[in-house]
Amino acid sequence: YNEYKSYLRMADLENPKRQLADSYIQKHRIPELFQNMTTALIHTQPSNAKKFMIKYLETLKKFRDEQGEYESMFKEANITSVFGMLDVTNTGFISLEQYRNALKTLGVKKYNPRPIGCDNDQISLNTFVTEAKDGLDHSHANFN
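Presented here is a report on the structure given in the accompanying data block. (Residues numbered from 1 in each chain as written. Predicted model: local features only at pLDDT ≥ 70, side-chain atom pairs only at ≥ 80, totals over all residues. Heavy atoms only, no water.)

1. Description of the packing of aromatic side chains
Piece 1. According to the stated counting rule, one finds three aromatic pairs in the structure shown.
Piece 2. For the ring pair Tyr99 and Tyr111, a centre distance of 5.9 Å and an interplane angle of 85° mean the geometry is edge-to-face. Taken together, the positions of Tyr99 in helix H6 (residues 96-105) and Tyr111 in the loop between H6 and strand S2 (123-124) put the pair 12 residues apart, joining distant regions of the chain.
Piece 3. We classify Tyr99 as buried; its relative accessible area is 0%.
Piece 4. Geometrically, the ring pair formed by Tyr99 and Phe128 is edge-to-face, given 6.4 Å between the ring centres and 75° between the ring planes. Taken together, the residues span a long stretch of sequence, with Tyr99 in helix H6 and Phe128 in helix H7 (residues 125-141) at a distance of 29 residues. (Phe/Tyr/Trp six-rings, centres within 6.5 Å; stacked < 30°, edge-to-face > 60°. Helix = DSSP H or I, 4+ residues; strand = E, 2+ residues; numbered from the N terminus. Buried < 20%, exposed > 50% of the residue type's maximum accessible area, 1.4 Å probe, protein only.)

As structure tokens, this is what we get:
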């Protein structure tokens, strides 16, 4: 998508077809979809990437069709593992910077910038899991 945006900047932005294409991509949140799917793919590293992506898209479609509970590609155990990788000294906390970077890496765009523990620069596992799940649910729910 970044290459597409660069192409648009270099091209004649007055071209109605290019404006329609950009509008369509933004309206349907295609960049976010691919970022979230790529993040899930990298984190999970399945043996068959194509099947994983198909399942990912089918899960999003099922959620959209049923408006039911979204089965996140990131389970609580996965989120906990991310926290564990950051908490290398097993203190039970990560820094606010680690929290922000980890959520961005997971594909979370909107998150609480000042979660519980931020004043002490100590974000707990419970806070991280809660914020990550909320952010992932919000990200995926918008692909309707």
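Now, onward.
2. Examining helix H3 (residues 30-44)
Piece 1. The terminal C-alpha atoms of H3 lie 21 Å apart, and with 15 residues this matches the ideal 21 Å at 1.5 Å per residue to within 8%.
Piece 2. Buried within H3 are the following residues: Pro31, Glu32, Leu33, Asn36, Met37, Thr39, Ala40 and Leu41.
Piece 3. Directly after H3, the chain includes Gln45, whose backbone phi takes a positive value near 45°. (Expected span 1.5 Å × (residues − 1).)

3. Examining the pattern of salt bridges
Piece 1. Under the definition given, this model contains one salt bridge.
Piece 2. Measuring nitrogen to oxygen at the nearest pair gives 2.5 Å for the salt bridge that ties Asp119 to Arg114. An identical accessibility class is assigned to Asp119 and Arg114; each is exposed. (Salt bridge = Lys/Arg side-chain N within 4 Å of Asp/Glu carboxyl O.)

4. Focus on H6
Each full turn of the α-helix corresponds to 3.6 residues, which orients residues three or four apart in the same direction.
Piece 1. For H6, the set of buried residues is Leu96, Tyr99, Ala102 and Leu103. Buried residues along H6 cover an arc of 130° about the axis, so they all sit on one side. Summarising the geometry of H6, the exposed residues directed more than 90 degrees from the buried face are Glu97 and Thr105.
Piece 2. Just downstream of H6 lies Gly107, where phi reads positive at about 95°. (Arc of directions from axis to C-beta.)

Geometric values such as these leave the question of function open.
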